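Here's the letter readout for the chains.
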Amino acid sequence: MDSPRTIRFDIFRFDPQDPQDSPKMVTYEVTEAPGMTVFIALNMLREQQDPSLQFDFVCRAGICGSCAMVINGKPTLACRTLTANYPEGKITLMPLPGFELIGDLSVNTGKFMRELAERLQLWLQPNADVVNIHGLETPMDPEEAAKLYELERCVECGVCVSACATKQMRDTFVGAVGMMKIARFEMDSRDARSADDFYHVIGNQDGVFGCMTLLGCQDTCPKDLPHMQQIAYLRRKMAQTIPDSNRII
Amino acid sequence: MATNFLPNNSTNKGHFIKDFSHPIWAARADKLQSLSGIMLGVFIVMHLHFESSILLGKEAFYHVVQFLEGGVFSESGHGYPLLTQIFSAFMLLVVIVHAVFALRRFPTQLGQWQALRKQMQFLPHEDTKIWFWQMVTGFGLFFMVPVHLFTMMLDPAIGPHLSAERVYYDNAWLLYVLLLPAVVVHAIFGLYRVCVKWGLVSQRFALLKLAKIIVAYLLVIGVASLIAYIVIGRSLELPIIPYVPMN
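Residues numbered from 1 in each chain as written. Chains lettered and ligands numbered in written order. Predicted model: local features only at pLDDT ≥ 70, side-chain atom pairs only at ≥ 80, totals over all residues. Heavy atoms only, no water.

Taking an unreviewed UniProt entry as the reference, chain B is identified by name as Fumarate reductase cytochrome b subunit belonging to Shewanella gaetbuli. Check the Subcellular location (unreviewed entry) section of the UniProt entry for chain B; it says "Membrane". (UniProt positions renumbered as here; feature names shortened; annotations may be inferred.)

Identification of chain A as Fumarate reductase iron-sulfur subunit from Shewanella gaetbuli is taken from an unreviewed UniProt entry. The heading Sequence similarities (unreviewed entry) in the UniProt record of chain A holds the text "Belongs to the succinate dehydrogenase/fumarate reductase iron-sulfur protein family." What the UniProt record of chain A gives under Catalytic activity (unreviewed entry) is the line "a menaquinone + succinate = a menaquinol + fumarate".

## Concerning a nonpolar patch on the surface
Residues and elements named next belong to chain B. There is a patch of nonpolar side chains on the surface, built from Leu 35, Ile 38, Val 42, Met 46, Phe 50, Phe 67 and Leu 68 and spanning about 620 Å² of accessible area. Of all the elements in the fold, those that place two or more residues in the nonpolar patch are helix 2 (24-51) and helix 3 (58-68). With respect to the secondary-structure elements, Val 42 resides in helix 2. Under the relative-accessibility criterion, Val 42 is labelled partly exposed at 39%. (Patch = residues over 30% accessible without salt bridge, like charges linked within 9 Å, V, L, I, M, F, W, Y side chains within 5 Å. Areas by Shrake-Rupley, 256 points an atom, 1.4 Å probe, with all protein chains shown as cover. Salt bridge = Lys/Arg side-chain N within 4 Å of Asp/Glu carboxyl O. Helix = DSSP H or I, 4+ residues; strand = E, 2+ residues; numbered from the N terminus. Buried < 20%, exposed > 50% of the residue type's maximum accessible area, 1.4 Å probe, protein only.)

## Quick notes on the side chain of Asp 30 of chain B
If you trace the backbone, Asp 30 of chain B turns up in helix 2. Of note is the side chain of Asp 30 of chain B, whose polar atom sits 2.4 Å from the side chain of Arg 235 of chain A. Apart from the residues within four sequence positions on either side, Asp 30 of chain B is in contact with Phe 209 and Arg 235 of chain A together with Arg 104, Arg 105, Lys 197 and Trp 198 of chain B. (Polar contact = N/O pair within 3.5 Å; in protein donor to acceptor, adjacent residues only side chain to side chain. Contact = heavy atoms within 4.5 Å.)

## Some details on the UniProt feature "transmembrane region" (unreviewed entry) in chain B
Residue and element names in this part refer to chain B. UniProt marks residues 32-50, 82-103, 130-153, 173-192 and 213-232 with the feature "transmembrane region" (unreviewed entry), using the numbering shown here. This span, residues 32-50, is 100% helix and 0% strand, and a straight line between its end C-alpha atoms measures 27 Å. Overall, residues 82-103 shows 95% helix and 0% strand. The separation of its end C-alpha atoms is 31 Å.

## Considerations on the pattern of salt bridges
Counted according to the given criterion, the structure contains 21 salt bridges over all chains. With a closest N to O distance of 2.8 Å, Arg 5 of chain A and Glu 32 of chain A form a salt bridge. Here Arg 5 of chain A is found in the segment before strand 1 (6-13), whereas its partner Glu 32 of chain A is found in the loop between strand 2 (24-31) and helix 1 (38-48), with 27 residues between them in sequence. Judged by its relative accessible area of 26%, Arg 5 of chain A is partly exposed. Under the relative-accessibility criterion, Glu 32 of chain A is labelled buried at 16%. Shared partners join several salt bridges into a network, and the residues in it are Arg 235 of chain A together with Asp 30, Arg 104, Arg 105 and Lys 197 of chain B.

## Side note on the packing of aromatic side chains
Counted according to the given criterion, the structure contains 14 aromatic pairs over all chains. A centroid spacing of 6.2 Å and a plane angle of 45° characterise the contact between Phe 87 of chain B and Phe 90 of chain B, whose relative ring orientation is tilted. Of the two residues, Phe 87 of chain B and Phe 90 of chain B both sit in helix 4 (residues 81-102), three residues apart, roughly one turn of that helix. With relative accessibility at 39%, the residue Phe 90 of chain B sits in the partly exposed group. Taken together, the ring pairs in this structure connect Phe 106, Phe 139, Phe 142 and Phe 143 of chain B into an aromatic cluster. Positioned over the ring face of Phe 55 of chain A is Arg 46 of chain A, at 4.1 Å from the centre of the ring. (Phe/Tyr/Trp six-rings, centres within 6.5 Å; stacked < 30°, edge-to-face > 60°. Lys NZ or Arg CZ within 6 Å of the ring centre and 35° of its normal.)

Now the structure itself:
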């Protein structure tokens, strides 16, 4: 049996809270184990070599979206990336661009997602007259539920934001995650918002008409969400809408 | 609640919609950019095939020109070069519409350009790279296409010998050798992008592969026909006598 490989990790290190610190790449070496993910290797590094290494994780199973980082030039989830995918045994890790850096590989996606949700009003807004919290909820058509569930799979990892050159050029652009979530509520029959309501949120250069279809979101989404189809759907929907010009948002 | 949005207490009025500050122009700009792009893209594919008919011989190109200039409607059968002038002016208008609405995509600030370049180095991604080249070629076409169209409007002399004269003796090949790759790359990848942008296709990678094949094909026939015009031009002596078939 072959002896296990030694994997070389070049990791971005910087603590923005420390005025003496400056950004640098630090090299570490880890002995590969069968089925090892980048996330497992990072934990080993932190436990055995450098306890100051900062990175995020919660679920370890591609559900929470916390461990997103740039692995050899591709933004993705560390917990779903096998070290065996890199035959040369060299892995470079960088934090996701486009987000506030907390330290090393840890970025503040939570702050970004919260601001986005508040800006786009990413929650169900039912018709006030219909809602009766004491009664049974109206059943949903299974097909509609399946469509919504497909879009609900977004884990807000921020990979689509980092992979989008449009977002990097224009900070106010909502990115694929914003449009995916808007599409989710637009499709929901319980949501009372009209096409005009949605137009005033994303029918502009920072929304669906600002998307240049570079498709970095589609090609990197670790959950394989249908960004291309959803953005095209929203674009068609919004293009058919005649918005009210007198509304103030 | 839906009422979280501010109340809708107004109605749409025609004069508002005509106003460029009306939010509908966000959608219109996107639609007009795509529509004008489709028109130009389809036209360029046809245009390259028409002018490449010289590869089938002088007579083939002669008949194509006569047909496109409305030869069947003229008594002499030679058509009306005025049609070329009118059509060139119309295409210039479409180019202007396309450029006006496409300009909003350009990284107009240095910071945006730096962010784009940094992103491309940091995260290599094929579609982003293709878009970058579309932007670069679009910038070049902004200057080159009007030169070509103005030439056609001022002197619509098209024919096996007349075109060869322009290419060889008037040195138009210098323009065409730059215009050809720029317009082919911009147009074909532009058509690809319109298809994925509006969700007209789901097989994106197959479409991208087809687009690359079409780019290669158009470049081959474009370069071959340009060489053909140069060869014909070299064989002619000034003053040029327009080509007329023997029978």
